[in-house]
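# Close look at the chain arrangement
Letter by letter, the chains look like this.
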Amino acid sequence: MHNIYSNVRKFFIALSSTLLMSCDSFFFSPLEVLSVEMNKNITITFNKDISYDSLNKNFNLYSEESTVKGIIRAEGNIVYFFPEENFTPENNYTLKLCKALESRDGFSMLSDYVKEFELKKSSSSPFVQNIDPSNFENVTEELSYIFLEFSKSIDEKSFYEAFSISPSCNFRVFFDEQKKQVKVCFDEPLAINKRYTCKLSTELKDSDGNYLKKEFSSYFDYLIDNTLPVFEVLGVDEDESIFYLERNKNNILSTKSYLKILFSKKISTSSFSSLCSVTPSLSFTFTNDEKENLYSIIEFSDEVNWGKSYEFRIAQGVLDESENYTKEEYVYILDFSREEERPPSFLYGEIICDDILLYSFTTEENYDVLVLDPIVFVPNETFYATVKLYFDLSEKASCINYLSALKNISFSVTQSCMNIYFISLDIKNGEISCLLEVKNTESKGLLKLSIDASLSDNLGNLIDEAMEFTFTKI
């Protein structure tokens, strides 16, 4: 029982001591040095008033391991040291305040205080300890300044005279307090895809007057683009609707389509035009994006015929502003055969009288003999004949245009071999029926059926070419 009581008593004593020590450090702060300045004398500022007796015992100033003599004076929380001999730049000095130094109310420092005063001039040359961006660095993010760190404090004026950057740009310079670290801040964004070179000439000197031994040079590449240009070829219709062309494949175009080439980055459009060609030969014109150089428009200046195919080639060497270029040729097959633009094509024709087929003809049969038996077709008597023309139309077209047929189908004769009068015209799909009033004569001559090239279907598609059929009437 006595042992238990004894142990509990010891525990509470230890706990009380700990609490008292914690309260002491919480409510009473230790003695601290706030600032130290060295001019002709040394001035030390504390956070508390200093005990003069304690100061004499715990104040030491050394020069090259020897004690510096002088007068110490304390005024409240400020201590002054006046040396018997002036401080000289040939020496370095060390101030030491022992932690036993006390304030008037009995508080001491937590540890010794030591401060170095480097007054001795160095004879060593300054050098660049660090530069950012580093030498040979490829900078891939936006850069706003260059950072330099020197081995010694630098003379500001000499830095302005010695530093240069190429390509040139506007900048401002900021030094830290010790003049060892320098920030060169740019006033404007740097140009991309450029190599910048920073130089320091031997005019640079430190605060002791020692010059840089040899010229310093460092370079960095800024936002260099090594990616190859990529492009897409688009077809653009008359109504400005677009479609993508596939490489090495058949691409169906309208005869009124033009091409638009979109680039992934700015390219040299002036050189791009020389890389484009069309086979078989088809002349075209370029319109380039003069502001951004991000696209080119190709319009075919020759009239493109329906059903023809061409190879559009873009040779290797499409060049961007960073001098990256494509390494292979691109080929696109241009097939101008949109079904809705297919022209009407003539199949055959027939001459019918009294529902009897007198004659049929094609484009390959011309100057054939048309026999009108005078017993059946009595001269100077009128009979009626129907000339039928058959055309193959586009799947998108419904018929031959009526007005177009009236204007572009005609009949003529020579030697007054017969008299022909146009009665009516009927159109159904690709079939044209011309009802004619005919008077036969005893003369021989030529009957001509002419179809002009302006004949069109209801979509406006013209026939391939003009046609003329000639028959010898006997």
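Quick summary incoming for the structure in this document. (Residues numbered from 1 in each chain as written. Predicted model: local features only at pLDDT ≥ 70, side-chain atom pairs only at ≥ 80, totals over all residues. Heavy atoms only, no water.)

## Structural notes on the state of the cysteines
Two cysteines form a disulfide when their sulfur atoms are joined by a covalent bond. If you walk through the whole model with that rule in mind, you get 0 disulfides. Free cysteine Cys185: the closest other cysteine sulfur is in Cys169, separated by 11 Å. Looking at Cys185, the relative accessible area reads 16%, which means it is buried. A disulfide-free cysteine, Cys353 has its sulfur positioned 15 Å from the sulfur of Cys434, the nearest such atom. (Disulfide = S-S within 2.5 Å. Buried < 20%, exposed > 50% of the residue type's maximum accessible area, 1.4 Å probe, protein only.)

## Some details on the pattern of salt bridges
Applying the stated criterion across every chain yields a total of 17 salt bridges. In this structure, the salt-bridge partner of Glu328 is Arg247, at a minimum N-O distance of 3.1 Å. Taken together, the residues Glu328 in the loop between strand E24 (309–314) and strand E25 (330–335) and Arg247 in the loop between strand E18 (242–244) and strand E19 (250–252) connect sequence positions 81 residues apart. Note that Lys265 is salt-bridged to Asp320, the shortest N-O span being 3.1 Å. Of this pair, Lys265 sits in the loop between strand E20 (258–263) and helix H4 (269–272) while Asp320 sits in the loop between E24 and E25, and the two are 55 residues apart along the sequence. Comparing Lys265 with Asp320 shows no difference in burial state: the two are buried. Look at the salt bridges and you will find they share partners, linking Asp225, Lys265 and Asp320 into a network. (Salt bridge = Lys/Arg side-chain N within 4 Å of Asp/Glu carboxyl O. Helix = DSSP H or I, 4+ residues; strand = E, 2+ residues; numbered from the N terminus.)

## Observations regarding the sheet that holds strand E13 (residues 171–175)
Here 4 strands make up an open sheet; going across it, the order is E9-E11-E14-E13 and the pairing antiparallel. With one partner strand each, in any of the chains shown, strand E9 (128–132) and E13 form the two edges of the open sheet. With direction set aside, neighbouring strand axes in the sheet form an average angle of 15 degrees. Of the pairings in the sheet, the one linking E9 to strand E11 (residues 145–150) comprises 4 bridges and is antiparallel in character. (Pairing = 2+ DSSP bridges. Axes fitted to C-alpha atoms, helices over the stretch in contact; angles between N-to-C directions.)

## Regarding the side chain of Glu341
Positionally, Glu341 belongs in the loop between E25 and strand E26 (345–353). No salt bridge is formed by the buried Glu341; its nearest oppositely charged neighbour, Lys256, is found at 4.3 Å. The contacts of Glu341, once residues within four sequence positions are left out, are Ser254, Thr255, Lys256, Trp306 and Asn461. (Lys, Arg positive; Asp, Glu negative; His and termini not counted. Contact = heavy atoms within 4.5 Å.)

## Re the side chain of Asn210
Its location among the elements puts Asn210 in the loop between strand E15 (194–200) and strand E16 (216–222). A relative accessible area of 14% means that Asn210 is categorised as buried. Only 3.2 Å separates the side chain of Asn210 from the backbone oxygen of Ser124, close enough to count as a polar contact. When near neighbours in sequence (up to four residues on either side) are disregarded, Asn210 contacts Ser122, Ser123, Ser124, Ser125, Pro126, Lys152, Leu204 and Lys205. (Polar contact = N/O pair within 3.5 Å; in protein donor to acceptor, adjacent residues only side chain to side chain.)

## Details of a nonpolar patch on the surface
Judged by side-chain polarity, Tyr402, Leu403, Leu406 and Phe422 come together as a nonpolar surface patch covering roughly 390 Å² of accessible area. Counting residues per element, the nonpolar patch draws most heavily on helix H5 (residues 402–408), which supplies 3 residues. Relative to the helices and strands, Leu406 resides in helix H5. (Patch = residues over 30% accessible without salt bridge, like charges linked within 9 Å, V, L, I, M, F, W, Y side chains within 5 Å. Areas by Shrake-Rupley, 256 points an atom, 1.4 Å probe, with all protein chains shown as cover.)

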